[in-house]
Amino acid sequence: MNKILALFKSQVGKDSSSSISPLMRWLNPVLINAEEGELEFSYVIREDMTNPMGILHGGTTAAIIDDAVGAAVYSLGKPSLYTTVNLAVDYFASAKVGDTVIAITSIVKNGDRIINTSCKIWNADKTRLIAKGHSNLIKLEDNR
């Protein structure tokens, strides 16, 4: 097991208040499960994550997907850093303040230069798909 995955596994059941990602600290999910390239997070929807209709904002949904798949790529333990080059999101259902949503990531294609990822966001009991997204991340040439 790589060191990054071991770190993720040590965080299962904990919130993300100590994440290296400022966005993940703001979203503050609880890590439910961690396998290489496959992470599962639980988010409680707060008012500051919603739109004027009081439901989960589409931009927040996209941010959840982007941050979760970025973490999934990081869990691969590759020596290079990767960044998002595109993100497509389909929205299917809403979530309101106080609801819990579950984001489940996967690596579709683990290339050396481009990694294709997927994420589905479900309601708490995983019976209703809230949104799904896919993204490509590209290896950065200069890691520091």
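Residues numbered from 1 in each chain as written. Predicted model: local features only at pLDDT ≥ 70, side-chain atom pairs only at ≥ 80, totals over all residues. Heavy atoms only, no water.

Caption draft 1: Region of the structure containing the overall build of the protein chain. Helices and strands together make up the secondary structure of the protein chain, namely three helices and six strands. Against the 2.2 N^0.38 benchmark of 15 Å for 144 residues, the protein chain shows a C-alpha radius of gyration of 15 Å, consistent with a compact globule. Projecting the C-alpha coordinates of the protein chain onto the three principal axes gives extents of approximately 40 × 30 × 30 Å. A burial count over the protein chain gives 42% of its 144 residues as buried. For the protein chain, the share of sequence-separated contacts (at least 6 apart) that also reach a separation of at least 24 residues comes to 61%. Accessible surface computed for the protein chain: about 7,500 Å², of which carbon and sulfur atoms make up 54%. Computing the positive centroid from 15 side-chain charges and the negative centroid from 15, the protein chain places the two 4 Å apart. (Helix = DSSP H or I, 4+ residues; strand = E, 2+ residues; numbered from the N terminus. Rg over C-alpha atoms; globule rule 2.2 N^0.38 Å. Buried < 20%, exposed > 50% of the residue type's maximum accessible area, 1.4 Å probe, protein only. Contact = heavy atoms within 4.5 Å. Areas by Shrake-Rupley, 256 points an atom, 1.4 Å probe, with all protein chains shown as cover. Lys, Arg positive; Asp, Glu negative; His and termini not counted. Charge placed at Lys NZ, Arg CZ, Asp CG, Glu CD.)

Caption draft 2: Representation of a nonpolar patch on the surface in the model. Nonpolar side chains collect at one region of the surface, where Ile20, Tyr74, Leu81 and Leu140 lie side by side and expose about 360 Å² of accessible area between them. By the secondary structure assignment, Leu140 is in the segment after strand S6 (129-139). The class for Leu140 is partly exposed, based on a relative accessible area of 32%. (Patch = residues over 30% accessible without salt bridge, like charges linked within 9 Å, V, L, I, M, F, W, Y side chains within 5 Å. Salt bridge = Lys/Arg side-chain N within 4 Å of Asp/Glu carboxyl O.)

Caption draft 3: Quick peek at the sheet that holds strand S5 (residues 114-123). Spatial ordering of the open sheet is given by S1-S2-S4-S5-S6-S3, a layout of six strands whose pairing is antiparallel. Bordering the open sheet on either side are strand S1 (30-35) and strand S3 (82-91), each of which pairs with just one other strand. Within the sheet, the average angular offset between the axes of one strand and its neighbour, ignoring direction, is 20°. Of the pairings in the sheet, the one linking strand S2 (residues 38-44) to strand S4 (residues 100-110) comprises five bridges and is antiparallel in character. Note that in S4 the partner of Glu40 across the bridge is Ile104. (Pairing = 2+ DSSP bridges. Axes fitted to C-alpha atoms, helices over the stretch in contact; angles between N-to-C directions.)

Caption draft 4: Just the side chain of Asn116, in detail. Looking at where Asn116 falls in the secondary structure, it is placed in strand S5. Polar contacts involving the side chain of Asn116 include one to the side chain of Asn136, which spans 2.9 Å. (Polar contact = N/O pair within 3.5 Å; in protein donor to acceptor, adjacent residues only side chain to side chain.)

Caption draft 5: Up close: unusual backbone geometry. Although it is not a glycine, Asn28 adopts a positive phi angle of roughly 50°. Tracing the sequence through the fold places Asn28 in the loop between helix H2 (22-27) and S1.

Caption draft 6: How the structure looks around the environment of Leu56. Relative to the helices and strands, Leu56 is located in the loop between S2 and helix H3 (58-74). Owing to a relative accessible area of 7%, Leu56 belongs among the buried residues under this scheme. As for Leu56 and Ile115, which are separated by 59 residues in sequence, their C-alpha atoms are 28 Å apart. Residue contacts for Leu56: discarding those within four places in its chain leaves Ile45, Met49, Thr50, Asn51, Thr61 and Ala95.

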